[in-house]
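# Residue-level structural notes
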Amino acid sequence: MTITNSFKTARRTSTPLVVARTSDAASVMSTLTAEYTDAPIMQWDAAQGFSARTDAGVVALNDLCGADPGVLNPADAMHQLRNVAPSTIIFVLNGHRVWQDISTAQAIWNLRDVFKSNGRMLVLLVTPEAKAPRELDSDVIVIDDPLPDDDQLAEIINAQHENADLEKPEDDTLHRAIDALKGISAFVAEQITAMCLTKNGLDLNELWERKRQSVEQTPGATVFRQRIMFSDIGGHDGLKRDLLREVKSKRPVKVVVIFDEFEKSMAGATGDTSGVSQDASKVVLTYMQDNDVRGTILFGHPGAGKTLVAKAMGAEADCIVIMADMGAMKGSLVGESEAKIRQFFTMVQSIAGDGGAFFVATCNSTAALTTEMRRRFKTGFYFVDLPDRQEKDAVWKIHMDKRGIKAQQKPDDTNWTGAEIESCCEKADNYSIALVDAATSIVSVAQAQPELIRERRGEAHGRLLSSSTGKTYEYDSGVDEVTVIAVPVSGPAPKGSRKVTVN
């Protein structure tokens, strides 16, 4: 149902208090005013007070305020509306800011019974994720202004081409442009499209960049801009195979959302006692269930490639990749954190549509992951271990070829991760030194945390899928390759040093 139809229903039933959630308040006011040009319609905002939107509204405003409509205090303005003319519609801009004050919230509540008897209506225009305070949530009717759908975006794109005296885009260009504009209000879509038109037509790369900038206006959202393919990553063949199946499934992936160090965000591992983490967990799980979101959890060692594979999935699906930072969604005001979290998921939904979102949660520990969390990520729960010999050879080749490093002796890479191999190649290239020399400044994760390597492997054994094979991970604790050597790279060991092998 469009917001116009919802509003007409509310108007017909003399609904006194309406919350209109929208990303384009000006457009909503113009659309609804056009439906009731003969009605007395006014608006109020914190900068200019009351103003009229129709001729009948001018009369109603004069009767209400006389020559001075500048009532800027929201509580006083809402109280004054008790005397507004019958059948008047009053739009209140930034209603989500207005109702935060208890005096104003009370003044709004006081209008409910007064208004419903003679067809007056207060319309609080708020952001898409806003939620009415408890004092009002049982007394207001909420209507949503949906973002433009594919057909409406196509009209916007074609109209902007016509305005610029350009031919309409071909079907392929049109469809790609629609994908780039999903999740954006009609007004912003018009502006972005107009800015991306050239004499040769629509610049799709610029259109996507504008889209990324728009997405990053959402608290906690960062768009990954590089293009990494699965072929650029060595190993993880089982995981890559399964993710490709999702990409090529009947439901196309429209957006990949990555939650790095998911366990910390969900459990408040940094000492959060504000309830933000608990609310984040609830919102994530509810959103995934209500919108049939697919997803996977990647558990493993730092630097083993969890996030890298997730980022590459976006390139394979030719879709946007969003990094979710729950910490950046925290706010200082009451209810602000909850609103920011919901704003993030509203943005994701506007891009993904039905079933188009794919969530990837990476973690270095599974202790804080509840059964409910695990159950929501239906694609699978994978363990990302240190690469084996074949996988490491593939990683070496990728990064040596990338930097033009010719064949040479490789260092001892026992228990190295892919990130450490990449770092070695980067240092060798940057410093123009041999790989074995670059390796002297690298301390692997396995050397630094051998007990955690062993612990993670034991936790994954028989319980999780292997990213290498896609089958159940098996770990033989009697044969452990994690070795710590506390001796210098060259020369005799100093007095007191020792070699320690963890069995």
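Here goes a summary of the coordinates provided. (Residues numbered from 1 in each chain as written. Predicted model: local features only at pLDDT ≥ 70, side-chain atom pairs only at ≥ 80, totals over all residues. Heavy atoms only, no water.)

## Things to note about the overall build of the protein
The helix and strand tally for the protein stands at 22 helices and 17 strands. For the protein, the share of sequence-separated contacts (at least 6 apart) that also reach a separation of at least 24 residues comes to 73%. For the protein, the separation between the mean place of its 56 positive charges and that of its 69 negative charges on side chains is 5 Å. (Helix = DSSP H or I, 4+ residues; strand = E, 2+ residues; numbered from the N terminus. Contact = heavy atoms within 4.5 Å. Lys, Arg positive; Asp, Glu negative; His and termini not counted. Charge placed at Lys NZ, Arg CZ, Asp CG, Glu CD.)

## Brief notes about the packing of helix 1 (residues 3–12) against helix 2 (residues 25–35)
Helix packing geometry: the angle between the two helix axes and the distance between the axes. Interaxial distance between helix 1 and helix 2 falls to 10 Å at its minimum, and their mutual angle equals 55°. In this view, helix 1 runs oblique relative to helix 2, as classed from their interaxial angle. In terms of crossing hand, the pair formed by helix 1 and helix 2 is right-handed. Here I3, T4, F7 and K8 of helix 1 lie close against helix 2, whose contacting residues are V28, T31, L32 and E35. Per-class residue counts for the contact of helix 1 with helix 2 are four nonpolar, two polar and two charged. (Axes fitted to C-alpha atoms, helices over the stretch in contact; angles between N-to-C directions. Parallel < 35°, antiparallel > 145°, perpendicular 65-115°, else oblique. Left-handed = near helix turned anticlockwise from the far one by under 90°. Nonpolar A, V, L, I, M, F, W, Y, C, P; charged D, E, K, R; others polar.)

## Some thoughts on the pattern of salt bridges
Working definition: two side chains of opposite charge can pair if their charged atoms are close together. Under the definition given, this model contains 25 salt bridges. With a closest N to O distance of 3.0 Å, R112 and D113 form a salt bridge. With a relative accessible area of 39%, D113 lands in the partly exposed category. D150 is paired through a salt bridge with K182; the nearest N and O atoms lie 3.6 Å apart. With D150 in helix 8 (residues 150–163) and K182 in the loop between helix 9 (171–181) and helix 10 (186–195), the pair connects residues that are 32 residues apart, well separated along the chain. Judged by its relative accessible area of 36%, D150 falls in the partly exposed class. Salt bridges sharing partners connect three or more residues here, namely R112, D113, K116 and D139. (Salt bridge = Lys/Arg side-chain N within 4 Å of Asp/Glu carboxyl O. Buried < 20%, exposed > 50% of the residue type's maximum accessible area, 1.4 Å probe, protein only.)

## Digging into the nonpolar core
Core analysis: the biggest nonpolar cluster contains 60 residues, and F344, F345 and F359 have the highest contact counts within it. A total of seven residues in this core trace back to one element, the largest contributor, which is helix 16 (residues 336–352). Ignoring any residue separated from it by four or fewer positions in sequence, one finds F359 in contact with V257, F259, Y287, M288, V293, R294, G295, T296, F345, V348 and F377. Formed by 30 residues, the second largest nonpolar core is a distinct cluster that contains V71, W99, L111 and F115. (Core = buried A, V, L, I, M, F, W, Y, C linked by side-chain atoms within 4.5 Å.)

## A short note on helix 19 (residues 418–431)
Over its 14 residues, helix 19 runs 20 Å from end to end, which matches the ideal 20 Å to within 8%, given 1.5 Å per residue. On the buried face of helix 19, the contacting elements are helix 18 (389–403), helix 20 (435–438) and helix 21 (445–448). One or two residues past the end of helix 19 sits S432, with phi positive at roughly 55°. (Expected span 1.5 Å × (residues − 1).)

## Structural notes on the sheet that holds strand 3 (residues 49–52)
Taken in spatial order, the six strands make up an open sheet running 3-2-4-5-1-6, and their pairing is mixed. At either margin of the open sheet sits one strand with a lone partner, and together these are strand 3 and strand 6 (141–144). Taking each pair of neighbouring strands and ignoring which way they run, the sheet shows an average axis angle of 25°. Pairing between strand 1 (residues 17–21) and strand 6: four bridges, direction parallel. By the bridge assignment, R21 is partnered in strand 6 with D144. (Pairing = 2+ DSSP bridges.)

## A look at the sheet that holds strand 12 (residues 320–324)
Spatial ordering of the open sheet is given by 9-12-10-13-11-14-15, a layout of seven strands whose pairing is mixed. Looking along the sheet, the strands with just one partner apiece sit at the ends: strand 9 (221–223) and strand 15 (465–466). Of the strand pairs in this sheet, strand 10 (residues 255–259) and strand 13 (residues 357–363) are connected by five bridges, and their pairing is parallel. Bridging from a neighbouring strand, V255 pairs with A357 of strand 13. Along the sheet, helix 11 (residues 204–215) contacts strand 9 and strand 12; its crossing angle with strand 12, the most-contacted strand, is approximately 20°. Most of the contacts of helix 12 (residues 237–247) go to strand 11 (residues 294–300), to which it runs at about 165°, and overall it touches strand 11, strand 13 and strand 14 (380–384).

## Topic: the packing of helix 12 against helix 15 (residues 306–317)
Where helix 12 contacts helix 15, the axes come no closer than 10 Å and their chain directions differ by 35°. Our pair here, helix 12 against helix 15, has a crossing hand that is right-handed. Contacts between helix 12 and helix 15 involve L239, K240, L243, L244, E246 and V247 on the former and, on the latter, V309, M313, E316 and A317. Looking at the contact of helix 12 with helix 15 residue by residue, the classes come out as seven nonpolar, no polar and three charged.

## Remarks on helix 1
If you check which residues of helix 1 are buried, you get I3, T4, S6, F7, A10 and R11. Angular distribution of buried residues about the axis of helix 1 spans 160°; they occupy a single face of the element. Check the buried side of helix 1 and you find it contacts strand 1, helix 2, strand 4 (89–92), strand 5 (121–126) and strand 6. S14 lies just past helix 1 and shows a positive phi near 55°. (Arc of directions from axis to C-beta.)

## Some thoughts on the pairing of strand 2 (residues 41–45)
Side-chain positions along a regular strand alternate between the two faces of the sheet. When you tally the buried positions in strand 2, you get five out of five residues, the bulk of the element. In strand 2, alternate side chains face the same way, and those of I41, Q43 and D45 on one face and M42 and W44 on the other are all buried. By the bridge criterion, four bridges tie strand 2 to strand 4 in an arrangement that is parallel. Looking at strand 4, one finds that W44 is bridged to V92. In terms of strand pairing, strand 2 meets strand 3 through four bridges, oriented antiparallel.

## Concerning unusual backbone geometry
For D165, which is not glycine, the phi dihedral falls at a positive 60°. Structurally, the position occupied by D165 is in the loop between helix 8 and helix 9. Take D165: its relative accessible area is 73%, and that puts it in the exposed class. Residues other than glycine seldom take positive phi values, yet N415 does so here, at roughly 65°. Residue placement: N415 occurs in the loop between helix 18 and helix 19. The exposure class assigned to N415 is buried, which follows from its relative accessible area of 5%.

## Points about the pairing of strand 11
The buried count for strand 11 comes to seven of seven residues, which makes it a mostly enclosed element. Every second residue of strand 11 is oriented toward a common face, with R294, T296, L298 and G300 on one face and G295, I297 and F299 on the other, all of them buried. Pairing geometry for strand 11 and strand 13, over six bridges, is parallel. Along strand 13, the bridge assignment pairs F299 with C363. Bridge analysis of strand 11 against strand 14 gives five bridges, and the strand direction is parallel. Paired with L298 across the bridge in strand 14 is Y382.

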